[in-house]
Structure formats: structure tokens, C-alpha cells
Amino acid sequence: MVLKNVFFQRNSLLILLALVLASNISLYHSTFGVSILPENPNGVVVGSIIDLAIISPLLFIAWRRNWNLKNIIITIAGGLVLVRFLIPIEYLKPFEAVTWVGFTVEGMIVLFEISLLILLVKYLPAIIRSVRDSSLPVLFSFSNAIDKHIKSTPLIIKIICTEMLLFYYAFLSWKKQPNSNENTFTLHKNSSLIAMQIMIIHSIVLETLVIHWWLHEKFFILSIILLVLNIYTVIFFIGDLQAIRHNALQTTKEGMFISLGFRKRMEVKWSNIEKIIDEPRILEQKCAKDTIEFIARDFELTSPHVIIQLKVPAKATLFIGKQKAYKFVSIRVDEPNKFLKTINDNINK
């Protein structure tokens, strides 16, 4: 019940955000909206600025559950930039100086990110060499190389690195064959994950063509924004699919490295494993809250082959570098018997 309430609250925030944006777009970019504007629309424009530069950013942060001063400043600055694009300049002239604050803040952030990107490019050759010399899956070796060569790695660097890997897998990994040996275990081959991903990509492409064609004449800026977001979404699904294919679960003498594309990855030490749960009755039950799942979800409901209980919660890296600790690790592989034997052999050494 608690999870349902949380899910409902988060979706309510997203719906409210969509309503705020849609109402302001309709007000200035539809015949009906323009017709109800008063002769002196300054009061309405001030209300729209508050909606776009304060209410919308706060709803977005509440939906993301990422409250901190930095995010508040960035999102409000982004809201002021949005004001400049969504409100026609003839209504915005008395308040034009306000929007330039947003451009100034965003410009400073962009310059800071460019300086970090230059720092990354400086160390990129050494990072690539470290990745090539490593026997670990690329998703792990690339992240380790970043931490090794760039001390105190900022989150933005991790995000940029994730994007670099995403585009690498989406466009440059097709000629390479996934690594396969006795120490690797795939998660996706006995599922319909690939088929489901391809279906989602097709639906996004069709939706993009239809919606972009419909919006292009009425809301040009909105159509361009949605087009860019949909193109990025397609690239993400393609890159994520390739990352899953090329980064199978890998075991070493110290532990296992497991990932599910760009969504999550984790290192589990053999010495940190307290208990192996493989009883069907328990595996079919609902997982505990502090459980991370490495299951290639598809059209059917599936249960894990094993749940690993850790002595000490271990950190997993989620999308865009966010980290969270988990006590239980739920895994479903294509060769469950061999995988269970490998785990037990390494624990009992």
C-alpha cells in the first residue's frame, strides 16, 4: 500500500507539471488562449513566469526527489530560459531582463561543464589504455579508469562518461562480438528483452513521426524539443541493448561484476556473501525493499534464480552515476545451474 501511495504521488506531480506547462503553452500559442488575454497582459505574464520559473522547477525536483540548492538554482535558471522560448517576445518585453538571468546562470554552468570536458579529454588516452588493459567488463573498467585518472570525479564527469559509452555502444559496437567464456553468464538470451526493446524503439519512431508532423505547424519549438528527446530515447534504448549484450555477468577470484546495461551495475565480493537463497518458494515471493534486481524483464512475470544476501550492504551504481546500497541481490541468468555451482565453489574456497 505504501509503494502504491508513493507511485501515485510521484505520478500526480508529473501530471501537475504537464498541466502547468500545457496550460501556459495553450495560453500563448492557441487562438483561444490569445483571445482571452486582457489588453494589458502584464499580470498574466507575471503569473506565467512564476509558473515556468518557480512552480514547474519545484514540481520537477519533487518528482525527481533530488532536493539540494544546486539543483534548485539550475532548474529555476532553466525555467527562466523556458520562459523566453514559450512566451512570445511582444508580451515578455517588460520582463525581458528577468529571462537573461536564466541565460547567464545556464551559460556559467555550460562553461564549467566545458572546462570539465576539457579535463576529461586531456586524460582520455590514458583512460582508454586502462580500459583495454583491463579484463573487466567495459562498464566497470571505464568507470574505474575515470576514478583512477581523475581524482574526486564530479558527478557531471560521470554523466558525460555515461553518455560517451552510450553513444559508443549505440553506433560503434556492432562489428564486435560479445565476450564469452566459462567465467561469463548472460542475462538476456532466454528472455524476450531484445524483442521488447525493438518494439519500444519502433513505437517511439512512429510516435515521433506522427506527433512531430502534427505539432510542427502549431507549436514549432515544442515539436523540436520532443523530436530531440525522442531521438535521444531511441539512441538510449539501442545503446542500452548493446551494453547488455556486451557486458555479461563476469566472475573473478575476488567476486562477480554484474550489470544490466546502463540502468545498474554492481560488484559483489565473495567474502561479503552471507547466504545464498535458491528455494523456489522464497524466490517467487515479493522481494524486500533493499533488494536490487538483475533480471531481464520482458512481457512475462519472471522470478530470480538466486537471491544473494550480503553481510554488509554493497553500493550499486544506477543510471547517471547515482549510487545506492543494497542488502540483497536478485539475479536471473541463462545458465542457472552452472551459475549456482560457480557461486558455491567460490564461497567455499
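Residues numbered from 1 in each chain as written. Predicted model: local features only at pLDDT ≥ 70, side-chain atom pairs only at ≥ 80, totals over all residues. Heavy atoms only, no water.

Q: Is there a simple way to think about the overall build of the protein chain in this case?
A: A tally of regular secondary structure across the protein chain gives 12 helices and 8 strands. Across the 349 residues in the protein chain, those meeting the buried criterion constitute 40%. Restricting the contact set of the protein chain to residue pairs at least 6 apart, pairs at least 24 apart contribute 67%. Accessible surface, the protein chain as shown: approximately 20500 Å² in total, 64% of it carbon and sulfur. (Helix = DSSP H or I, 4+ residues; strand = E, 2+ residues; numbered from the N terminus. Buried < 20%, exposed > 50% of the residue type's maximum accessible area, 1.4 Å probe, protein only. Contact = heavy atoms within 4.5 Å. Areas by Shrake-Rupley, 256 points an atom, 1.4 Å probe, with all protein chains shown as cover.)

Q: What is the right way to look at a nonpolar patch on the surface in this model?
A: Among the surface-exposed residues, Phe85, Phe220, Ile221, Ile224, Ile225, Val228 and Leu229 lie close enough to one another that they form a single nonpolar patch of about 600 Å² accessible area. Ranked by the residues each element gives to the nonpolar patch, the list is headed by helix 10 (residues 220-246), at 6 residues. Residue isoleucine 225 is classed as partly exposed on the basis of its relative accessible area of 36%. (Patch = residues over 30% accessible without salt bridge, like charges linked within 9 Å, V, L, I, M, F, W, Y side chains within 5 Å. Salt bridge = Lys/Arg side-chain N within 4 Å of Asp/Glu carboxyl O.)

Q: Explanation requested: the environment of proline 313 in the structure shown.
A: Structurally, the position occupied by proline 313 is in strand 7 (residues 306-318). C-alpha of proline 313 to C-alpha of lysine 327: the two residues are 14 residues apart in sequence and 4.3 Å apart in space.

Q: Looking at this structure, I do not really get helix 12 (residues 336-347). What am I missing?
A: Structurally, the α-helix is built with 3.6 residues per turn, so residues lying three or four positions apart point the same way. For helix 12, spanning 12 residues, the distance from its first C-alpha to its last is 16 Å, which sits close to the expected 16 Å at 1.5 Å a residue. On the buried face of helix 12, the contacting elements are strand 1 (184-185), strand 2 (249-251), strand 3 (255-260), strand 5 (273-277), strand 7 and strand 8 (323-331). (Expected span 1.5 Å × (residues − 1).)

Q: How should the pattern of salt bridges be read in this particular structure?
A: It is possible for side chains bearing opposite charge to pair when their charged atoms get close. Summed over all chains, the structure comprises 5 salt bridges. Residue glutamate 267 pairs with lysine 269 through a salt bridge whose shortest N-O separation is 2.9 Å. Here glutamate 293 makes a salt bridge to arginine 297, at a shortest N to O gap of 2.7 Å. With relative accessibility at 23%, the residue glutamate 293 sits in the partly exposed group.

Q: Just checking my understanding: could you explain the pairing of strand 3 for this structure?
A: On any regular strand, side chains alternate: one points to one face of the sheet, the next to the other face. With 6 of 6 residues buried, strand 3 is to be regarded as a mostly interior element. The pairing of strand 2 with strand 3 spans 2 bridges and is classified as antiparallel. Bridging across to strand 3, threonine 251 finds its partner in methionine 256. As consecutive antiparallel partners, strand 2 and strand 3 are separated by 3 residues. Sheet topology places strand 3 next to strand 4 (residues 264-269); 6 bridges connect them, and they run antiparallel. In the strand pairing of strand 4, methionine 256 is matched with valine 268. (Pairing = 2+ DSSP bridges.)

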